[in-house]
Structures are given as structure tokens and as C-alpha cells.
Amino acid sequence: MATFPDYKDIYVFVEQKNSQPAEVGYELISKARELVDGSPELGYKVVGVLLGENVKEKAKDVIAHGADKVIVIDDPKLKDYSTQFYTDALTQLIEEFKPSSLLTGATVLGRDLAPRVAARINAGLTADATAIEIGKDVKLNSRNGVREIPNEDALLLVTRPTFGGNLFGTIVCPDTRPQMATIRPKVFDLAKPDPNRTGEVVEFAPKWTEETPLVVVEGILPKEVAGVDITKCEILVGAGRGAEGALDLVEELASLLGGEVAATRAAVEDGFIAKERQVGQTGKTVRPSLYIACGISGAVQHVAGMEKSDYIIAINRDPEAEIFKIANQGYVGTVESVLPALIAEIKNIKASR
Ligand SMILES: Cc1cc2nc3c(=O)[nH]c(=O)nc-3n(C[C@H](O)[C@H](O)[C@H](O)COP(=O)(O)OP(=O)(O)OC[C@H]3O[C@@H](n4cnc5c(N)ncnc54)[C@H](O)[C@@H]3O)c2cc1C
């Protein structure tokens, strides 16, 4: 017997800026699609949630990325992000439609919105998830004995790093709905959109609890982005503490391959690479086609941010370094000795073309 018979479907909050949905929303739609398709017995749908002004047009893109249905709240109050109005709107949408789960990007906006909504409706929220599954035949151990969760409850098993990234914990919210989670950009694959997919678009008009904004947005200044956005790079050459003496070689290799330099936290803290290039749990999550790790030990906090790269090459003088466990190809040697050979080889290949 389901404990929450009225709560169904996996909802994804698709955040947008200037009516342009952020990629993380589509990554979460792709993940929700995979979860729903993997549990057909639930009869669940993937439902996208679009809040904003003039966003209805974007519903078809959300459907193309895998949603069965999109609920749109199109209202001038939602033009720019406002904690007050977005929380009000999303809370009412949840109360009306009763999702089993709700996924949100762990972006600046998502990290503000999701906890406020969760607190307002007394739902459980797991922040910064790295894996999500629908539980089957789950038995929870508690002080009062073993509790069996009915499969119809579609219990969400949400995994996230804990204890400074040294452990991964799986968190469940068996007693409240929706089961909420925030997920960082680039954690899940983005499925190829299918422009021929069809779905339902539903408009919803909340009854605003308050009409007057508590905060008035006078204007939005575009952030001046200094340097490069490593999350958008196809080739990254990562420098760890072991590459400090060979930074010129790391930079040469990156530029030869048309890529950029990334870094570990140790390299950033030691002051030889800028913070904006840090990869990992407290840095950025990247998914390039090629990641060349130079003098990087492979600590779990770094690996969490780059392990989904398509191809990983590791260079480390220690044959026991953890980084070799996730590398597709490894060179045991110093960065100072391996990189010149690699650079010379690439130059040779380029010259012979
Ligand atoms: C809460 C928390 C969050 C964190 N977040 C992040 C994060 O976001 N990103 C991150 O990267 N780290 C993070 N860390 C730090 C992380 O635990 C590691 O300390 C860090 O990743 C280590 O960086 P490293 O591999 O460059 O340095 P080290 O651990 O010092 O490793 C250097 C490696 O280089 C090799 N080496 C040395 N000299 C050479 C040489 N000449 N040639 C070849 N190899 C050489 C060594 O064998 C070694 O394996 C976090 C830690 C905590 C507690």
C-alpha cells in the first residue's frame, strides 16, 4: 500500500535567465527521464516546471529534452528571480500538483529557492546530490526495528558527499513529499533533445500571498567574467601540486591542444593557479572530452569534479597515486620529464599534417 497515494511523478524545476533555460535544468530532465523509464511500473511522468515571464515558448524545449508535461507559471512578478515570489509560486504549484519528487539545480538560484520551499511545506531536502535512484524493496533500519518502504512510494535514494568528501551518504525522506534534491551542474549527462517529442503544457496561476515585492530589482549588471569558464572547455590540462615547477609546460600543452589549464585546490591554495580554475567539490564540476591530470594525487574531492571526463590521462611520479585508478591512460614519471616528450610528439604530428 502506497503511503502517499496522491503524490506522483518526478518534477524538475527548470531555472531560466532572460527566458533562457539553464543547461542544468535539461540535465535534470534527462536524469528524471532515465529514472521514470527505469521504473515503468510506477506509471510516473517527467514534469518540467518553468517559472518566469514570457517563458511559455520554452516549454517545447523542455519537452524535447525528455519531459512528458510542463507546468508554466508565466507572470511579470517572476521576470527576475525573487526569493519571495518564486517561493510563493513553487509552493503553491507543489500543493496543487503533488509531485513525488522535485529536483532543482544546485546553482545560486536553486540553493536559495529549494531550501525555502522545503521549509515552507515541511519537505525533506538533500543538497548537492551526486547520484539519484528510485529505491526498490527498501528496508530502513531504525531504533524501532526494520521498516519496509512500499515500492509504490518511489523512495528517492539521494547520494551526496559528506565528512569533507571522505564518505558518500545516501539520504532518504520516507515521511514527507515531495522528496527534494539539489544537484550541481554537469553531474548528470545531458541527453540529446528530440524536437519531435510531444507533451502537455499546463499553465498555472498562483494566488499571490503578497502583491508588494519586499525587494525591488532596480537593474541587473552582467557579471564581469575574468578569465575563462573551465566548465565549457573540451580539453583541460589539470595542474596539481606536483606540477608547480612545470607550469609553463602545462600551459604550453593546454594551448597546443586548444584547451585550458585547470587546477586542484592545493595548486590554488599554494597560489600558482587562480581559484576560478579549481576543479572539485569546492570548485567546479567539469566534463571535458580530455582531462590531462599533471601531478595530481587523485583525492576524492578533486575526482568528484572531473571523473566524468570522457578520457583521462594521468601523469604522476608515484605509481600508487589514486588518480591512476580513474585514468584511461597513465604515465608514471615526473611532469617535468613526461610533458616535454608529449609536447614534442604533438608538435611532430601537427607538423606532419
Ligand atoms: C572539504 C574539502 C573540500 C575540498 N575540495 C577540493 C576541491 O574542490 N578540489 C580539489 O582539488 N581538492 C579539494 N580538497 C583538497 C583535497 O583533499 C586534496 O588535498 C587536493 O586535491 C590535493 O591536491 P594535489 O593532488 O594537487 O596535491 P597533493 O595531494 O599534494 O598531490 C600531489 C601529487 O603530485 C605528485 N607529484 C609530486 N611531484 C611530482 C612531479 N614532479 N611530477 C609528477 N608528479 C608529482 C605526487 O606524487 C602527488 O600524487 C578539498 C578538501 C576538503 C577537506
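Shown above is the structure to which this text applies.
Residues numbered from 1 in each chain as written. Predicted model: local features only at pLDDT ≥ 70, side-chain atom pairs only at ≥ 80, totals over all residues. Heavy atoms only, no water.

Caption draft 1: Inspection of the sheet that holds strand 12 (residues 167–171) at higher detail. The strand order across the open sheet formed by 3 strands is 8-11-12, and the pairing between neighbours is antiparallel. Each end of this open sheet is capped by a strand with a single partner; those strands are strand 8 (131–134) and strand 12. Neighbour-to-neighbour, the strand axes of the sheet open up by a mean angle of 25 degrees, direction not taken into account. Pairing between strand 8 and strand 11 (residues 156–162): 4 bridges, direction antiparallel. Considered in strand 11, the bridge of Ala 131 is made with Thr 159. (Pairing = 2+ DSSP bridges. Helix = DSSP H or I, 4+ residues; strand = E, 2+ residues; numbered from the N terminus. Axes fitted to C-alpha atoms, helices over the stretch in contact; angles between N-to-C directions.)

Caption draft 2: Representation of the sheet that holds strand 6 (residues 99–105) within the structure. A sheet is described by the order of its strands in space; here 7 strands give the open sequence 7-13-6-1-4-5-14, paired in parallel fashion. Only two strands of the sheet have a single neighbouring strand rather than two, namely strand 7 (125–129) and strand 14 (200–203). Sheet twist, expressed as the average angle between the axes of neighbouring strands with direction ignored, equals 20 degrees. In this structure, strand 7 lies alongside strand 13 (residues 179–183), joined through 3 bridges in parallel fashion. Within strand 13, the position partnered with Thr 126 by the bridge is Ala 181. Its contacts with the sheet place helix 1 (residues 23–38) against strand 1 (8–13), strand 4 (46–52), strand 6 and strand 13, and it is angled at close to 165 degrees to strand 1. Lying on the sheet, helix 4 (residues 108–121) is in contact with strand 1, strand 6, strand 7 and strand 13; it crosses strand 13 at an angle near 165 degrees. (Contact = heavy atoms within 4.5 Å.)

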